[in-house]
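# Reading the structure
The chain contents come next:
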Amino acid sequence: MASAQLGGQGWSMAGRSLTALIGGYAAAAGLATLLARLLPVERVEATAWGMILSFLFYAAFGLWAFHEPRLTRVAAVIWGAAVVAGGAALLLGVRP
Amino acid sequence: MKGNGVRQSMAWIHGWLGLLAGWILFAMFVTGTASYFRPEITRWMQPEYRPHAVPQAEAARTTVAWLQKNAPHDEQWTIYLPTERTLSTRAFTRARPNPDPKAPRAPRRPEVRLDPATGAPIEARDTRGGEFFYRFHFQLQLPHPWGRWLAGLCAMFMLGAILSGVITHKRIFADFFTLRWSKGQRSWLDAHNVSAVLALPYHAMITYTGLITLVVMYMPWPILANYPKPTAFAESLYGDTAGQKASGQPGRLADMGRFVEAASAEWEGARVSRIIVGNPDDASSTVTLLRTGEDRLNARGASITYAGVSGARLAASPAPGPAVETAGVMLGLHLGWFAGPLLRWVCFLLGLTGCAMVATGLVLWTVKRQRPGAQPFFGMSLVERLNIGAVACLPAGIAAFLLANRLLPPMLVGRADLEVSAMFWAWFGLAALSLLRPVRRAWIETLAISALLFAAVPIADLAMVGAFPTDGLFVAFDATMFLLAATLGFAAWRTAVRPARAARPRRRAPVTVAEVREAVDVA
């Protein structure tokens, strides 16, 4: 079913796959890092929670990237989440 | 891809995730399943080694005596004490870095395996043993760090495939009980569903916890948010271990057996799994002992650090909080060290259902796309051939690895590497040869060859070791080889008696909305 739909949509599919694979990782890493930085528990605990949950974030972003039909929306949300979460984590800096 | 509902899109992505990572995932499932028996495989592969069980404290003493004779000025020793399953001591040593910055780095020394009773290196045929399967499972025989990254990527695909597969599934409970033989595509789908759904909690657990085993490599960013020095995270997990600088003054280690007994007493009799000695010839040497993870779910055991010369207790790892405990339990669930013999066999069988899930999923991808009388398109041929190469030929490689262990002369130089070469030559060689045969014949013949090679393993064991095995481990191992041979033979026979593809009635490509929906549900 899918292969017929994909004719002539190669670039769009490539963009979507890259967004899922790399953007999804960046967004998951950003969210996990922000969570680890902000969770009001001991730093070793906060770090571990961020790491444990990161793959769930990644899987959710990756799958949603192939569910949402509008590629612009996919790219905006995933790359946006990566930039916002990653930027916030950078601005906050290392936990004092 | 973009059907109306979430089930359609998830069915689509499930197929692609499973296909793209499937061949590597199959190899990871097979070698990972074998790794449940890592020490046992090593023991089978060194049949002449007859160990003498001694108390842990005694093993620690003999090992340190050997290390003091052979690597006295090293920066660090790591000693894995024998367990009821390994029966031998393993030791790694790390040389001091050359003070001259231009000097080349000292090469990492290989692992030494010692007889715990005598402290002498084990005199038995050289082999990678079960360690080979264990390493291949997450390093894929590729240079560091690419193998680990690729394994992680495939695990991530697997996680996506499991989640999307569950969402796709409408009748998850009913499919638990449904297996219709000899119905073409329907049978393959049922087989895929039964193997996947039956052990679904296991598959989800083993995939997620697998990612957690290497999380520090895959997802190090949360550490950077909380620690100015990334190594401080590990220190806060394990307590401050062996971080001491050498003083430059010579010092002599106190009796290692006393350290083992003291730590074990503090852990209410639990065993020591590992000893790390920092700067063993220095006055400021440290001895860190790690608690075994074999008697509890959390594989990341507690640790205690002592001063090496005076024996004073310096530090102990803090009690883990909920997140660290969770991560430790995830690690433990993946490694399965906690499992006693019966549970270990259950884990092994669950691992085999994982192999079956991946294999049937790969076959299903091609069966779904076959059209009667049509020439297979290029992608179809590629997938069919890769399926044969992965699913039917990898077992031949594993059997060749075990056969080489029995057939190569025990004292041959470089035999450990030759065993590994035998595996890859058999695997890729058979896959290359199978290209010469039509697809159906190739399936039947490669499966039959794999079955014969597995059946040959116990025969070679009897012939080369000379005596009928009386040790339960050898009996169980050889029996398992026969069972694997029978399973592969059965698969070859089923493929052979199956009606030829062209003769089978097939539905057209779905055209109506109802048919599309049905096709999607079937996916």
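One can find the structure itself at the top, above this paragraph.
Residues numbered from 1 in each chain as written. Chains lettered and ligands numbered in written order. Predicted model: local features only at pLDDT ≥ 70, side-chain atom pairs only at ≥ 80, totals over all residues. Heavy atoms only, no water.

### Notes on the overall build of chain B
Each helix and strand counted, chain B has 19 helices and seven strands in total. Going through the 523 residues of chain B one by one, you find that 50% of them count as buried. Considering only contacts in chain B between residues 6 or more positions apart, those separated by 24 or more positions represent 72%. By element, 66% of the accessible surface of chain B is carried by carbon and sulfur atoms, the whole surface being about 24600 Å². (Helix = DSSP H or I, 4+ residues; strand = E, 2+ residues; numbered from the N terminus. Buried < 20%, exposed > 50% of the residue type's maximum accessible area, 1.4 Å probe, protein only. Contact = heavy atoms within 4.5 Å. Areas by Shrake-Rupley, 256 points an atom, 1.4 Å probe, with all protein chains shown as cover.)

### Some details on helix 4 (residues 130–139) of chain B
Residue and element names in this part refer to chain B. Counting buried positions along helix 4 yields nine of ten residues, so the element is predominantly enclosed. Of the residues making up helix 4, those classed as buried are Gly130, Glu131, Phe132, Phe133, Tyr134, Phe136, His137, Phe138 and Gln139. Backbone geometry just after helix 4 places leucine 140 at a positive phi near 55°.

### Here we look at the environment of B:Phe490
Residue and element names in this part refer to chain B. Here phenylalanine 490 is to be found in helix 18 (residues 472–497). The exposure class of phenylalanine 490 is partly exposed, given its relative accessible area of 41%. Distance from phenylalanine 490 to arginine 344, taken between C-alpha atoms, is 25 Å for residues 146 residues apart in sequence.

### Description of helix 16 (residues 415–434) of chain B
Within an α-helix, residues lying three or four positions from one another point in the same direction, as the helix has 3.6 residues per turn. All names here are of chain B. Between the first and last C-alpha of helix 16 there are 28 Å, a value that for 20 residues agrees with the 28 Å anticipated at 1.5 Å per step. For helix 16, every residue scored as buried is listed here: Arg415, Ala416, Glu419, Val420, Met423, Phe424, Ala426, Trp427, Leu430, Ala431 and Ser434. In this fold, the buried residues of helix 16 make contact with helix 1 (6–35), helix 4, helix 14 (378–392), helix 15 (394–407) and helix 17 (439–465). (Expected span 1.5 Å × (residues − 1).)

### A word on the nonpolar core
The biggest cluster of nonpolar side chains holds 118 residues, and the ones touching the most others in it are A:Phe55 and B:Leu402. Broken down by element, this core gets its largest block of residues, 14 residues, from helix 1 of chain B. Filtering out sequence-adjacent residues up to four positions away, B:Leu402 remains in contact with B:Trp44, B:Met45, B:Val457, B:Phe477 and B:Met481. (Core = buried A, V, L, I, M, F, W, Y, C linked by side-chain atoms within 4.5 Å.)

### Brief notes about the interface of chain A and chain B
Counting residues at the interface gives 37 residues for chain A and 44 residues for chain B. Together, the buried faces of chain A and chain B total about 3500 Å²; carbon and sulfur atoms form 76% of this surface. It is A:Met51, A:Phe55 and A:Leu63 that lose the most area in chain A upon contact with chain B, and together they represent 21% of the buried surface on that side. Where chain A meets chain B, there are zero salt bridges. Mapped by element, the contributors of at least two residues to the side of chain A that touches chain B are helix 1 (2–5), helix 2 (10–38) and helix 3 (43–67) of chain A. Among the residues making up the side of chain A that touches chain B, the classes are represented as 24 nonpolar, eight polar and five charged. (Buried area = accessible area lost by both parts, 1.4 Å probe. Salt bridge = Lys/Arg side-chain N within 4 Å of Asp/Glu carboxyl O. Nonpolar A, V, L, I, M, F, W, Y, C, P; charged D, E, K, R; others polar.)

### Here we look at the pairing of strand 2 (residues 89–94) of chain B
All names here are of chain B. The buried fraction of strand 2 amounts to five of the six residues, a majority that puts the element mostly inside the structure. Bridge count between strand 1 (residues 76–80) and strand 2: five bridges; the pairing is antiparallel. Its bridge partner being in strand 2, tryptophan 77 is matched across the sheet by threonine 93. Bridge count for strand 2 against strand 3 (residues 112–114) is three bridges, and the pairing is antiparallel. Directly across from alanine 91, in strand 3, lies its bridge partner valine 112. (Pairing = 2+ DSSP bridges.)

### Section: unusual backbone geometry
All names here are of chain B. A cis amide bond, omega 0°, links histidine 144 with the succeeding residue proline 145. Inspection of the secondary structure assignment puts proline 145 in the loop between helix 4 and helix 5 (146–168). Even without being a glycine, glutamate 268 presents a positive backbone phi close to 55°. Position of glutamate 268 relative to the elements: it lies in the loop between helix 11 (256–266) and strand 4 (272–278). Phi at asparagine 279 takes a positive value of approximately 45°, unusual for a residue other than glycine. In this structure, asparagine 279 sits in the loop between strand 4 and strand 5 (286–291).

### Section: the pattern of salt bridges
Residue and element names in this part refer to chain B. In total, this model carries 22 salt bridges over all chains according to the counting rule given. Between arginine 344 and glutamate 40 there is a salt bridge; the shortest N-O distance is 3.6 Å. Residue arginine 344 is found in helix 13 (residues 341–369), and its partner glutamate 40 is found in helix 2 (residues 38–44); the two are separated by 304 residues along the sequence. By sharing partners, the salt bridges in this structure join Arg38, Arg90, Glu111, Glu131 and Arg135 into a single network.

### Here's the deal with the environment of B:Thr326
Residues and elements named next belong to chain B. Position of threonine 326 relative to the elements: it lies in helix 12 (residues 322–335). Among the residues examined, threonine 326 registers a relative accessible area of 28% and is labelled partly exposed. Between the C-alpha atom of threonine 326 and that of proline 47, which follows or precedes it by 279 residues, the distance is 39 Å.

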